[in-house]
Amino acid sequence: MSRTWFITGTSSGFGRLLTGRLLARGDRVAATLRRPEALDDLRAAHGDRLWAARLDVTDAGRVRDVADEAFAALGTIDVVVNNAGFGVLASVEEATDEQIRQVIETNLLGSIHVVRAALPHLRAQGHGRILQVSTAGGQTTYPNFGYYHASKWGIEGFCETVAREIEPFGIGLTIVEPGATPTGFGGALATAPTMPEYDRTPAGDSRRALADGTFPLDNDPEKIARAMIDLVDSGEIPLRLPLGSDTYRHVRESLVARLAEHEAHREVALSVVRDDLVTSG
Ligand SMILES: NC(=O)c1ccc[n+]([C@@H]2O[C@H](COP(=O)([O-])OP(=O)(O)OC[C@H]3O[C@@H](n4cnc5c(N)ncnc54)[C@H](OP(=O)(O)O)[C@@H]3O)[C@@H](O)[C@H]2O)c1
């Protein structure tokens, strides 16, 4: 069955791969991006099955306009992929105010704008699903990525809430969590002047690993795009889809540690309940 997709950040990486694969198999794509010329080859190859619009997801008004235009032009949109995003590679002290603002405005607020712009249309058509591209770093953390984590943990909390709110309307939401993958992401990382105080800390170690190319990028971007399409084709709507051996391992370690810490504080958690509500035993 052919579907219609709305995807943000389609100039490179996962967004571009998804767009190419979907067009190649006969689906329609409303591709949004900051540099429309990046899709010239796909436009030439696939004609009007590719609908494209210039969009910077930090512009909430423009996000609404483009979503309205896409639904009007294409009639139905079955899948919305919130993919646009980038990372800041800097310790919490090193990053600049502008980098902090930009990563939150793009990864967190930009994704929120897209969900809010799409929902009235998805509700009106009575079906649809949202794929929110997060990361392993939406459930675990790495030194130097504090602001990226703030944006991605933030969008995961938002998405958990939205998923419950929209399920009664026949709309599904899945948070997709790729691990480290060779796309344009590494080259687009924003960096800040480094502070020597962090050289001999985990933040310094991680910065050196990224700089000297020893940071492992173990996942295949084509396979990640395929897994996202396969998920939609399967009809399954898990809340989260982990993708990558690093995602599987690191998120698992984090969840186990968090559960252990949670359980270790059971007594103190229960100790603050009001006396009139405490039952014996
Ligand atoms: N690659 C990884 O290791 C990895 C791992 C986990 C999660 N992710 C996530 O995967 C998503 C896609 O990243 P990628 O790996 O495919 O990297 P990528 O190749 O750099 O692609 C990122 C895309 O987002 C776009 N973008 C950035 N800021 C934008 C904005 N304000 N408005 C509209 N588009 C914007 C970029 O457009 P321009 O070309 O105009 O800059 C580009 O098309 C991101 O959300 C990222 O956090 C990546």
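Rules used in this analysis
- Residues numbered from 1 in each chain as written.
- Predicted model: local features only at pLDDT ≥ 70, side-chain atom pairs only at ≥ 80, totals over all residues.
- Heavy atoms only, no water.
- UniProt positions renumbered as here; feature names shortened; annotations may be inferred.
- Axes fitted to C-alpha atoms, helices over the stretch in contact; angles between N-to-C directions.
- Helix = DSSP H or I, 4+ residues; strand = E, 2+ residues; numbered from the N terminus.
- Parallel < 35°, antiparallel > 145°, perpendicular 65-115°, else oblique.
- Left-handed = near helix turned anticlockwise from the far one by under 90°.
- Contact = heavy atoms within 4.5 Å.
- Nonpolar A, V, L, I, M, F, W, Y, C, P; charged D, E, K, R; others polar.
- Near = heavy atom within 4 Å.
- Polar contact = N/O pair within 3.5 Å; in protein donor to acceptor, adjacent residues only side chain to side chain.
- Areas by Shrake-Rupley, 256 points an atom, 1.4 Å probe, with all protein chains shown as cover.
- Patch = residues over 30% accessible without salt bridge, like charges linked within 9 Å, V, L, I, M, F, W, Y side chains within 5 Å.
- Salt bridge = Lys/Arg side-chain N within 4 Å of Asp/Glu carboxyl O.

By the naming in an unreviewed UniProt entry, the protein chain goes by SDR family oxidoreductase and is assigned to Nonomuraea diastatica. Note on the protein chain: under the UniProt heading Sequence similarities (unreviewed entry), the record states "Belongs to the short-chain dehydrogenases/reductases (SDR) family."

A.B. asks: Hey, could you run me through the packing of helix H1 (residues 13-24) against helix H8 (residues 221-234) in this one?
C.D. replies: A pair of packed helices is captured by two measures, namely the crossing angle of their axes and the spacing between those axes. Interaxial distance between H1 and H8 falls to 9 Å at its minimum, and their mutual angle equals 60°. Relative to H8, the element H1 is oriented oblique. The interaxial crossing formed by H1 with H8 has right-handed handedness. Facing Phe 14, Leu 17, Leu 18, Arg 21 and Leu 22 of H1, the residues of H8 in contact are Pro 221, Glu 222, Ile 224, Ala 225, Arg 226, Met 228 and Ile 229. Partitioned by chemical class, the residues of the contact of H1 with H8 number nine nonpolar, no polar and three charged.

A.B. asks: Looking at this structure, I do not really get the site of the ligand. What am I missing?
C.D. replies: Looking at the ligand, there are 28 residues lining it, with Ser 11, Ser 12, Arg 34, Tyr 148 and Thr 183 nearest. Within the contact set of the ligand, an oxygen atom lies 3.3 Å away from a backbone nitrogen or oxygen of Gly 85. Coverage of the ligand by the protein amounts to 93% of the 880 Å² it exposes when considered alone. For the shell around the ligand, the secondary-structure elements that each account for two or more residues are H1 and helix H5 (146-166). Split by residue class, the shell around the ligand holds nine nonpolar, 15 polar and four charged.

A.B. asks: Help me understand a nonpolar patch on the surface, please; the structure alone is not making it clear to me.
C.D. replies: The grouping of Val 273, Leu 277 and Val 278 at the surface amounts to a nonpolar patch, some 250 Å² of accessible area in total. Along the polypeptide, Val 273 turns up in the segment after helix H10 (266-271).

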